[in-house]
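# Chain and residue survey
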Amino acid sequence: MPTALITGITGQDGSYLCELLLSQGYEVHGIIRRSSSFNTGRIDHLYQDLHEPQVRVHLHYGDLGDGTSLRRIVTRVMPDEIYNLGAQSHVRVSFDQPEFTADVGGLGALRLLECVRDVNPKIRFYQASSSEMFGNATRGPINEQTPFEPRSPYAAAKVFAYHVARNYREAYGLFAVNGILFNHESPRRGETFVTRKVTRAAARIKVGLQQDLYLGNLEAKRDWGYAGDFVQAMHLMMKRPAPDDFVIGTGETHSVRELCEVAFGLVGRDYRDCVKIDPRYLRPTEVDVLLADPSKAERELGWRPAVRFPELIRMMVESDLDLAEREYHARTKGGSESLSATRGAHLQP
C-alpha cells in the first residue's frame, strides 16, 4: 500500500487530495497544527468512517515553521510521496503578516526538502506553487516559460519555494515537482476568499440573513477552476517517470464582477443592489489578469478540467444555500415554514 504525507490536509485542496489518494488505495498521513479548537471539518468524514475496517488516515501534530517536528514525522511515516500544500494562502493577509507568510510558505518548503534529502531521497515531493507568482507579467495566456513578477509577500514566498524545489531536483536528484495552480475553488473554499465570500453572501441575502456584500476590485480577472479537478493533476505529476513543472488552469478568465452576476443571478437577485465597494479590501498592489495556458498538462499528463465556471459557481451556491437555510432555522428555532422544502425555487435555471 503506497503512503502519502500531506501538509495542509485540513484545507480545501488537502481534503480533496486525501479523498483521491484513498480511492487509489493509499494510506494517508496529514500534518496539522495544534490549536485550542478543532479544524478538521473538511476531512472528518474520511477518518471517522465506521464502515472502514482499517484506519487509512492518520494525523500528526507539526508545523512548517518547525523543522524538528517535520523531521520527526517524515522519519516516523516514511512516506512514498509528500504533498506540500500547507501555507498562509491568503494574498491580502500576506501584506499584514509578511514574515509569517514567508516563513511558512517559503522556508517551510525548504525544511521539508531537507528532510527528504536526509531521511530518504527516494521520496517524491510535490510543491504547491501559485499563479500569483506571475503577477502582472503578461495579459496573455501564462505557461511554464512565463517569467515571474510577484506582487505580494505570498507570491514572493511561493517563488522562493518553487526555485528551491527545482534546485533540490537538479542538485540532489530528488523527484520534486511544482504544480503551478491557478485559482481553484469549491464548496470547501475558505469563507475569506472572494469566490466563497460571494456565493455565501448570495445565499445568506436570499434567505434574509444578510443585506450587503462588501468587496474590493470588481474588475480583477482570474482563471477559476474546480479544486477536485486540480488535485487529480497533482497526482498525475507525481506518477510521471521523471519530475517536471506544470501550469494547471482552465484557459479562460472571468472577472469578480461576472462572478457576482452569476452567483446572485442564481438566487434571483441583481448583484448591483447588494454589492458595495470597501477600500479596505483593495490590495496595495493588484494583479489585474491571470490566464493559464494548460496545454503542457493536457499534452503530457492527459489532464483537462471537467468542471467549468458556471457549473462551479452553481455548485458553490447550492452548498451555501443549504448552510444558510440551516443557519436561518437555528436562529428562528425551526420557523413556520421549511426553507428546505422550497430550496429548488431558490436557484434560477
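In what follows, the structure referred to is the one given above.
Attention here is on the structure that accompanies the text. All figures in this text were calculated on a predicted structure; none of them were measured in a lab.

### Some thoughts on the overall build of the protein chain
The number of helices and strands found in the protein chain is 12 helices and 13 strands. For the protein chain, with 349 residues in total, the buried portion stands at 51%. Within the protein chain, residue pairs in contact and separated by at least 24 positions form 80% of the contacts whose partners lie at least 6 positions apart.

### Notes on the side chain of H29
Secondary-structure assignment places H29 in strand β2 (residues 27-32). In terms of polar contacts, H29 uses its side chain to reach the side chain of E27, at 2.7 Å. Leave out the neighbours within four places in its chain, and H29 touches T3, A4, L5, I6, I9, H58, H60 and V77.

### Structural notes on the pattern of salt bridges
Under the definition given, this model contains 24 salt bridges. Note that E132 and R222 form a salt bridge whose closest N and O atoms lie 3.9 Å from each other. Of this pair, E132 sits in the loop between β5 (124-130) and α6 (153-172) while R222 sits in strand β9 (residues 221-222); the two residues are 90 residues apart in sequence, bridging distant segments of the chain. Relative accessible area serves as the criterion here: at 5%, R222 is assigned to the buried category. A salt bridge links R189 to E185, with the shortest nitrogen-to-oxygen separation between them at 2.7 Å. For R189, a relative accessible area of 15% corresponds to the buried category. Each of the salt bridges in this network shares a partner with another, and the network as a whole consists of R166, R169, E170 and D245.

### Notes on the environment of E252
If you trace the backbone, E252 turns up in the loop between β11 (246-248) and β12 (254-255). With 38 residues separating them in the primary sequence, E252 and L290 have C-alpha atoms 9.2 Å apart. Look past the residues within four positions of E252 in its chain and what remains in contact with it is R222, D223, W224, L291, R308 and F309. A distance of 2.9 Å separates a polar atom in the side chain of E252 from a polar atom in the side chain of H254.

### Digging into helix α11 (residues 309-332)
Here α11 is 24 residues long and its end C-alpha atoms lie 34 Å apart, about the 34 Å a rise of 1.5 Å per residue gives. Taken together, the buried positions of α11 are occupied by F309, L312, I313, M316, V317, D320, L321, A324, E325 and H329.

### Details of the packing of helix α1 (residues 12-23) against helix α8 (residues 227-238)
Following both chains from N to C, one finds α1 and α8 inclined at 60°, their axes separated by 9 Å at the closest point. In terms of orientation, α1 and α8 fall into the oblique class. Read as a crossing pair, α1 and α8 show a hand that is right-handed. The segment α1 lies against α8, with Q12, D13, Y16, L17, L20 and L21 engaging A227, G228, V231, Q232, M234 and H235. The class makeup of the residues in the contact of α1 with α8 is seven nonpolar, four polar and one charged.

### Here we look at the pairing of strand β6 (residues 176-181)
Among the six residues that make up β6, six are buried, leaving the element largely enclosed by the rest of the structure. Of the two faces of β6, the one holding A176, N178 and I180 and the one holding V177, G179 and L181 are both buried throughout. Two elements, β5 and β6, share six bridges in a ladder whose sense is parallel. Residue pairing across strands places S129 opposite I180, the latter belonging to β6.

### Considering unusual backbone geometry
What you tend to see is this: most non-glycine residues have negative phi, and most peptide bonds are trans. Not every positive phi belongs to a glycine, and M78 is a case in point at roughly 50°. Turning to its location among the elements, M78 is positioned in the loop between α3 (67-77) and β4 (81-84). Judged by its relative accessible area of 40%, M78 falls in the partly exposed class.

Definitions and limits used
- Residues numbered from 1 in each chain as written.
- Predicted model: local features only at pLDDT ≥ 70, side-chain atom pairs only at ≥ 80, totals over all residues.
- Heavy atoms only, no water.
- Helix = DSSP H or I, 4+ residues; strand = E, 2+ residues; numbered from the N terminus.
- Buried < 20%, exposed > 50% of the residue type's maximum accessible area, 1.4 Å probe, protein only.
- Contact = heavy atoms within 4.5 Å.
- Polar contact = N/O pair within 3.5 Å; in protein donor to acceptor, adjacent residues only side chain to side chain.
- Salt bridge = Lys/Arg side-chain N within 4 Å of Asp/Glu carboxyl O.
- Expected span 1.5 Å × (residues − 1).
- Axes fitted to C-alpha atoms, helices over the stretch in contact; angles between N-to-C directions.
- Parallel < 35°, antiparallel > 145°, perpendicular 65-115°, else oblique.
- Left-handed = near helix turned anticlockwise from the far one by under 90°.
- Nonpolar A, V, L, I, M, F, W, Y, C, P; charged D, E, K, R; others polar.
- Pairing = 2+ DSSP bridges.

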